Amino acid sequence: MDTTQRKWWKEGVVYQIYPRSFQDTNGNGIGDINGITQRLDHIQSLGVDIIWLCPVYESPNDDNGYDISDYKSIMAEFGSMEDFEALLSGMKARGLKLVMDLVANHTSDEHHWFKESKKSRDNKYRDYYHWWPAEKGTPPKRWSYFDVDGNAWKYDEQTDAYYLHYFSVKQPDLKWENPKVRQEIYDVLRFWFDKGVDGFRMDVIPFISKDITYPELPEEYKGNFIPFYSNGPRLHEFLHEMNKEVLSKYDIMTVGETPGVNIDQALKFVDEDREELNMFFHFDLMSLDRDGDEVFWMRDEPWKLTDFKGIFSKWDAVFAEKGWGSLFLSNHDFPRSVSRWGNDSEAHWHNSATMLHTFLLTMRGTPYFYFGDEIGMTNAYFDTIDAYKDINTVNRYALLQQEGVALEDFLDNEKDAARDNARTPMQWDSTRNAGFTTDNPWIGVNPNHKKGINVASQEKDEDSVLNYFRRMVQLRKSNLGLVYGAYQLLLERNEQVYAYTRTHENESFLILLSFSTEEASVTLDEIEFDKLRLLISNDAAEEEKTDSKFVVKPYQAMVYQIL
Ligand code: NOJ
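Predicted model only: the values in this text are computed from it and were never measured.

About the criteria used
- Residues numbered from 1 in each chain as written.
- Predicted model: local features only at pLDDT ≥ 70, side-chain atom pairs only at ≥ 80, totals over all residues.
- Heavy atoms only, no water.
- Helix = DSSP H or I, 4+ residues; strand = E, 2+ residues; numbered from the N terminus.
- Rg over C-alpha atoms; globule rule 2.2 N^0.38 Å.
- Contact = heavy atoms within 4.5 Å.
- Areas by Shrake-Rupley, 256 points an atom, 1.4 Å probe, with all protein chains shown as cover.
- Lys, Arg positive; Asp, Glu negative; His and termini not counted.
- Charge placed at Lys NZ, Arg CZ, Asp CG, Glu CD.
- Near = heavy atom within 4 Å.
- Polar contact = N/O pair within 3.5 Å; in protein donor to acceptor, adjacent residues only side chain to side chain.
- Nonpolar A, V, L, I, M, F, W, Y, C, P; charged D, E, K, R; others polar.
- Salt bridge = Lys/Arg side-chain N within 4 Å of Asp/Glu carboxyl O.
- Pairing = 2+ DSSP bridges.
- Axes fitted to C-alpha atoms, helices over the stretch in contact; angles between N-to-C directions.
- Buried < 20%, exposed > 50% of the residue type's maximum accessible area, 1.4 Å probe, protein only.
- Expected span 1.5 Å × (residues − 1).
- Left-handed = near helix turned anticlockwise from the far one by under 90°.
- Domains from an automatic or database assignment.
- Patch = residues over 30% accessible without salt bridge, like charges linked within 9 Å, V, L, I, M, F, W, Y side chains within 5 Å.

**Side note on the overall build of the protein chain**
Helix and strand content of the protein chain: 17 helices and 23 strands. In terms of overall size, the protein chain behaves like a compact globule, its C-alpha atoms giving a radius of gyration of 24 Å where 563 residues would be expected to give roughly 24 Å. Projected onto its principal axes, the C-alpha positions of the protein chain cover 80 × 50 × 50 Å. Long-range contacts, defined as pairs at least 24 residues apart, comprise 70% of the intrachain contacts of the protein chain with a sequence gap of at least 6. Entry remark: accessible area of the protein chain is about 21400 Å², with carbon and sulfur atoms responsible for 46%. Charge-centre separation for the protein chain: the mean point of 62 positive side chains lies 3 Å from the mean point of 95 negative side chains.

**Remarks on the site of the ligand**
Around the ligand, the structure places 13 residues, and the nearest of them are D63, R201, D203, H332 and D333. At 2.5 Å from an oxygen atom of the ligand is found a side-chain nitrogen or oxygen belonging to D63. In this structure, an oxygen atom belonging to the ligand sits 2.9 Å away from a side-chain N or O atom of R201. Relative to its unbound accessible surface of 300 Å², the ligand loses 97% to contact with the protein. In the shell around the ligand, the residues fall into 4 nonpolar, 2 polar and 7 charged.

**Here's the deal with the pattern of salt bridges**
Taken as a whole and assessed by the stated rule, the structure comprises 40 salt bridges. Each of D63, D333, D390, R419 and R423 takes part in one network of salt bridges that share partners.

**Here we look at the sheet that holds strand β19 (residues 520–523)**
On the basis of which strands lie adjacent, the open sheet formed by 3 strands has the order β19-β22-β21 and antiparallel pairing. Bordering the open sheet on either side are β19 and β21 (544–546), each of which pairs with just one other strand. The mean inter-strand angle of the sheet, taken between neighbouring strand axes irrespective of direction, is 20 degrees.

**Describing the environment of V559**
Mapping V559 onto the fold places it in strand β23 (residues 557–562). Judged by its relative accessible area of 0%, V559 is buried. Contact partners of V559, with chain neighbours within four places excluded, come to T358, T362, M472, L475, L510, I511, R533, L534, L535 and I536.

**Description of helix α12 (residues 349–360)**
If you check α12, its first and last C-alpha atoms are 17 Å apart, about what 12 residues at 1.5 Å a residue would give, namely 16 Å. Of all the 12 residues making up α12, 11 are buried; the element is thus mostly covered by neighbouring parts of the structure. Among the residues of α12, W349, N351, S352, A353, T354, M355, L356, H357, T358, F359 and L360 are the ones counted as buried.

**Brief notes about the packing of helix α13 (residues 391–402) against helix α14 (residues 407–417)**
Closest axis-to-axis distance for the α13/α14 pair is 11 Å, and the angle between their directions is 145 degrees. Along this stretch, α13 crosses α14, giving a crossing that reads as right-handed. Residues T393, R396, Y397 and L400 of α13 lie in contact with α14, whose contacting residues are L407, F410, N413 and E414. Among the residues forming the contact of α13 with α14, the class breakdown is 4 nonpolar, 2 polar and 2 charged.

**So, the sheet that holds strand β5 (residues 97–102)**
The strand order across the open sheet built from 8 strands is β11-β10-β9-β5-β2-β1-β15-β14, with neighbouring strands paired in parallel fashion. The two strands at the open ends of the sheet, each matched to only one other strand, are β11 (279–281) and β14 (326–328). On average, adjacent strands in this sheet sit at an angle of 25 degrees to one another, irrespective of strand direction. With 3 bridges connecting them, strand β2 (residues 50–53) and β5 associate as parallel partners.

**Focus on the environment of A161**
Relative to the elements of secondary structure, A161 occurs in strand β8 (residues 161–164). The buried category is assigned to A161, whose relative accessible area is 1%. Between the alpha carbons of A161 and Y71 there is a distance of 26 Å; along the sequence they are 90 residues apart. Those residues in contact with A161, other than ones at most four positions away along the chain, are R121, R126, W131, W132, P133, A134, K154, Y155 and D156.

**Topic: unusual backbone geometry**
A positive phi angle, close to 45 degrees, is found at N64, a residue other than glycine. Residue position: N64 is located in the loop between β3 (57–58) and β4 (70–74). A relative accessible area of 16% means that N64 is categorised as buried.

**Topic: the domain arrangement of the protein chain**
How big an interface is tends to be expressed through the accessible area that disappears when the partners come together. Its domain assignment divides the protein chain into domain 1 (9–107 + 179–469), domain 2 (112–164) and domain 3 (486–562). Once you take the C-alpha centre of each, domain 2 and domain 3 turn out to be 56 Å apart.

**Quick look at a negative patch on the surface**
Together, D291, D293, E294, D300 and E403 line one region of the surface with negative charge. Inspection of the secondary structure assignment puts E294 in strand β13 (residues 294–298).

**Looking at helix α10 (residues 305–318)**
For α10, built from 14 residues, the straight-helix expectation of 20 Å at 1.5 Å per residue is met to within 8% by its first-to-last C-alpha distance of 20 Å. Summarising burial for α10: 10 of the 14 residues are buried, a large majority. When we look at burial in α10, the residues that qualify are L305, T306, F308, K309, I311, F312, S313, W315, D316 and V318. Among the structural elements, α9 (263–270), β11, β14, α12, β16 (486–490) and β17 (497–504) are those in contact with the buried residues of α10.

As structure tokens, this is what we get:
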């Protein structure tokens, strides 16, 4: 292959950490930076290359750090800048790279820019944010994610004006149209790059450009405002400028979080020639089990494997010649991957967790795993409203109550949809609080840490989810074809088995994955059976194949080399 196209961030495996829930070392029930440093050996032992660290900057924590009050300081609950530097040098010593979270669509209302901005209409920071003077009447409707009234404009008495907040009232949107704002953000990026940080994941990055005449929302977006938010008129101009002024000066990676971006717009972000970003997270899969445009509401009918395959196949094709994809099944905003795409019942948990690992590690694109996936952590399935800590659940409940939604129905939905499902503490061992903290954890620990879903027990078992994950990471790393190889879907219409090949230069692989609780029997005429060598399987059962027929056990995963 053209070696100029090879990049460390294409070949690396990413491990995402939600610091609040990873490891507490000072006994306050909240994870901290020293906790991550303490666990670096574990992370290294997984074989992953890159850590994506969710926000650790100073923040009043209205949205757990996604509301930043100082981009250049560390949140006191998480530690100090010295702790951060110790973490970074511990990572460098182990060959691990660090990707931070850039949350620059909005700040906290406690950021000094905003505190100044709201003081007077002629304050020098006034134009850092979006203001609508009240004498112009009520501003055209904008929807907000976490607002108790769903309204993204908040009236502020001090200057008799409304400010815009796509997320909570404590997350005012920055006005990127002001060149000073952009320079401030570039300065933040340089600050962290100069410390040795290796990249950024960019929070809701397509939302940064807005039509600052704030027109009425066009009719076509009334049911779903997200594509409107993500299609701002100057978005690509801003991304290109950021690339030219900062990103291009460092050997770093960028991955945008891009709700509302579809395949037609994809290459605008990541075509190398356009000099914007390296990768992004689309939301097609994350919407698959959701109710139309209601991103946080579950659909009644179960999702279908053919649709799942369709999403991955469609997106793979987009990046076949240009750009590069990112692969993820879960993160801090969605339920646990094994509970959502696999099956967390006792009978199927092991195979489905390891099958999903096999899937992500044999697809083209950079795989992102969320902490705890390596041991198959499952949803929290909280029973009471008080167990939830997330502003998204708490405020949405307030909003839906006004609309008459019953608590029981809401809780039912949250069991499958809530972000807190994925925010419970890392399960290190089977002791009290799973070895996460000595105090009361900030959010409930999943009781299944006592039943084998913990690192310590899985270390001892060769066939554990954890040890399978390690073997699977090594398999990807020792076969470049699994990183760069062309993807070809087989059995397109099969609702039980996902089958595909990956081919690169002289290497070829066949991957068979069951997404079913029933045994499946599949015929693959295009494969020459005597040329198959099994590289890995997640099931102890003997492989069964005769002529062109395979018997695939429930949630079984098999990777073959085609000789
Ligand atoms: C996306 C982040 O992943 C999420 O956790 C956060 O609440 C919103 N953006 C707002 O920053």
